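Residues per chain, in single letters:
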Amino acid sequence: MKFALSSLRVSSPDFADDAPLSARHSQEADDLSPALSWREVPDGTRGIAVICHDPDAPVVNNGGYGYVHWVLYNLPASVTELEEGSKLGTAGVNDGGSLGYCGPMPPQGHGLHRYYFWVLALDTETDYPEGLTLADFLGKVEPHVLGMNRIIGTYRREP
């Protein structure tokens, strides 16, 4: 598998790496996806995808640990940022069973959770149908990943 960190750089005006996400990006408030931007994509990039995953969630889904909060694909390489609450791209299914972004909502008293916002640079444009699961999506793009990186946000529900 070619899933390894690359020179691609991911940032957000809404949170610093390894810093708290705002409640507005959680299910406790507005449930808006945070703004993201990326630069230094690998040469030959023709498509972009975004994934948000919480490895600290106390669940096992389809043989994997954690909780998938967002699967977004069919973004052209010309897109280098997403605004807060963006509707760009095609939404996959999150582990809540809905399309698009679903923000943090860890169990009360479960402590701090980390949310990995991954950006994948692909060597091809994609035109996948809406509603792919993370496993289905990764199965399709694995041979096309040129590079990837992430920014990590944190969130804790207070009792």
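Now for a quick tour of the structure. (Residues numbered from 1 in each chain as written. Predicted model: local features only at pLDDT ≥ 70, side-chain atom pairs only at ≥ 80, totals over all residues. Heavy atoms only, no water.)

1. Some points on the sheet that holds strand S8 (residues 81-82)
The three strands are arranged S1-S3-S8 in an open sheet whose pairing can be described as antiparallel. The sheet is open, and its two edges are formed by strand S1 (9-11) and S8, each paired on a single side. One ladder, built from three bridges, connects S1 with strand S3 (residues 36-39); its direction is antiparallel. For Val 10, the partnering residue across the bridge sits in S3 and is Trp 38. (Pairing = 2+ DSSP bridges. Helix = DSSP H or I, 4+ residues; strand = E, 2+ residues; numbered from the N terminus.)

2. Structural notes on the nonpolar core
The biggest cluster of nonpolar side chains holds 21 residues, and the ones touching the most others in it are Leu 36, Trp 38, Val 50, Trp 70, Leu 82, Phe 117 and Val 119. Counting residues per element, the ones that place at least two in this core are S3, strand S4 (47-54), strand S7 (67-76), strand S10 (113-122) and strand S11 (145-155). Counting residues per element, this core draws most heavily on S10, at four residues. Discounting chain neighbours no more than four positions away, the residues touching Val 50 are Leu 36, Trp 38, Trp 70, Val 71, Leu 72, Leu 75, Leu 82, Trp 118 and Val 119. By size, the runner-up hydrophobic cluster in this structure holds 17 residues, among which are Trp 118, Leu 122, Leu 134 and Phe 137. (Core = buried A, V, L, I, M, F, W, Y, C linked by side-chain atoms within 4.5 Å. Buried < 20%, exposed > 50% of the residue type's maximum accessible area, 1.4 Å probe, protein only. Contact = heavy atoms within 4.5 Å.)

3. Quick look at the layout of surface pockets
Quantified by volume, the second largest pocket comes out at close to 220 Å³. Considering the residues around the second largest pocket, the lining is formed by 15 residues, among which Trp 70, Ser 86, Lys 87, Gly 100 and Tyr 101 are closest to the centre. Those elements that place two or more of their residues in the lining of the second largest pocket are S7 and strand S9 (90-91). Split into classes, the residues belonging to the lining of the second largest pocket amount to six nonpolar, six polar and three charged. (1 Å grid on protein atoms, 1.4 Å probe; cavity = no way out; pocket = protein on both sides within 12 Å on 5 of 7 lines; lining within 4 Å. Points joined across faces, edges and corners; volume = space filled by probe spheres on them. Nonpolar A, V, L, I, M, F, W, Y, C, P; charged D, E, K, R; others polar.)

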